[in-house]
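For reference, the chains in residue letters:
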Amino acid sequence: AKCVLAKKNWLLTMGKTNVRAFMSISATDEIRDMVSNYSIPSTAPIISPLGTTISDNISDFLDGDISKTIRKHFIKDSIAQYSYTGSTQSGALSSHHCANWTAASGNNGMKGNFDSTSLFLDSGSAPNCNSSLSITCIAF
């Protein structure tokens, strides 16, 4: 729902019509499965809202090393350094996923570090599910 709201606010100005939360939700809905689950183009480059190429394609994006940090290439300088991902570095479901993102507290959710070129999906830290972290939306 938050990504749909973001789409209404600004993603349509980028010419994108589809939007998804960039999170692993369950064992059948992981970041690494987004190409097959949601028909995300597998050969398209990963590009920031400012037009900076972050990686050549989704496979390159998930190989554990991207060419540029994500945080420095967004429209707002205030984009959060950390974002919930619920993922391991390969895009698989982490053991920390806030009970498939249904728990508001008491569990933990893996976060990614958007100031890193290698820890952007799994920073090694899983804060409580009631922490004030953002989620990241992708548009295609």
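Rules behind the numbers
- Residues numbered from 1 in each chain as written.
- Predicted model: local features only at pLDDT ≥ 70, side-chain atom pairs only at ≥ 80, totals over all residues.
- Heavy atoms only, no water.
- Helix = DSSP H or I, 4+ residues; strand = E, 2+ residues; numbered from the N terminus.
- Contact = heavy atoms within 4.5 Å.
- Areas by Shrake-Rupley, 256 points an atom, 1.4 Å probe, with all protein chains shown as cover.
- Core = buried A, V, L, I, M, F, W, Y, C linked by side-chain atoms within 4.5 Å.
- Buried < 20%, exposed > 50% of the residue type's maximum accessible area, 1.4 Å probe, protein only.
- Disulfide = S-S within 2.5 Å.
- Polar contact = N/O pair within 3.5 Å; in protein donor to acceptor, adjacent residues only side chain to side chain.

Caption draft 1: Spotlight on the overall build of the protein. Helix and strand counts for the protein come out as 4 helices and 6 strands. In sequence order, the protein lays out its α and β elements as α-β-α-β-β-α-β-α-β-β. Expressed as a percentage of contacts within the protein between residues at least 6 apart in sequence, the contacts between residues at least 24 apart total 55%. Working note: accessible area of the protein is about 7,300 Å², and carbon and sulfur atoms make up 50% of it.

Caption draft 2: Here's a closer look at the nonpolar core. If you look at the biggest cluster of nonpolar residues, it comprises 14 residues, and the most contacted ones within it are Phe 61, Ile 70 and Phe 120. Apart from residues lying up to four places away in sequence, Phe 120 is in contact with Phe 61, Ile 66, Ile 70, Thr 85, Gln 89, Gly 112, Asn 113 and Phe 114.

Caption draft 3: Quick peek at the state of the cysteines. Per the stated rule, a full pass over the model turns up 2 disulfides. A sulfur-sulfur distance of 2.0 Å marks the disulfide that ties Cys 3 to Cys 137. Linking Cys 3 and Cys 137, the disulfide has an S-S dihedral of approximately -90 degrees and is accordingly described as left-handed. Of this pair, Cys 3 sits in helix α1 (residues 2-9) while Cys 137 sits in strand β6 (residues 137-139); the two residues are 134 residues apart in sequence, bridging distant segments of the chain. Residue Cys 98 pairs covalently with Cys 129 via a disulfide, S to S 2.0 Å. Sign of the S-S torsion, about -110 degrees for the bond between Cys 98 and Cys 129, identifies this disulfide as left-handed.

Caption draft 4: Quick peek at the side chain of Ser 123. The topology assignment puts Ser 123 in the loop between β5 (111-113) and β6. There is a polar contact of 3.3 Å between the side chain of Ser 123 and the backbone nitrogen of Ser 125. In contact with Ser 123, not counting residues within four places along its chain, are Met 110, Lys 111, Gly 112 and Asn 113.

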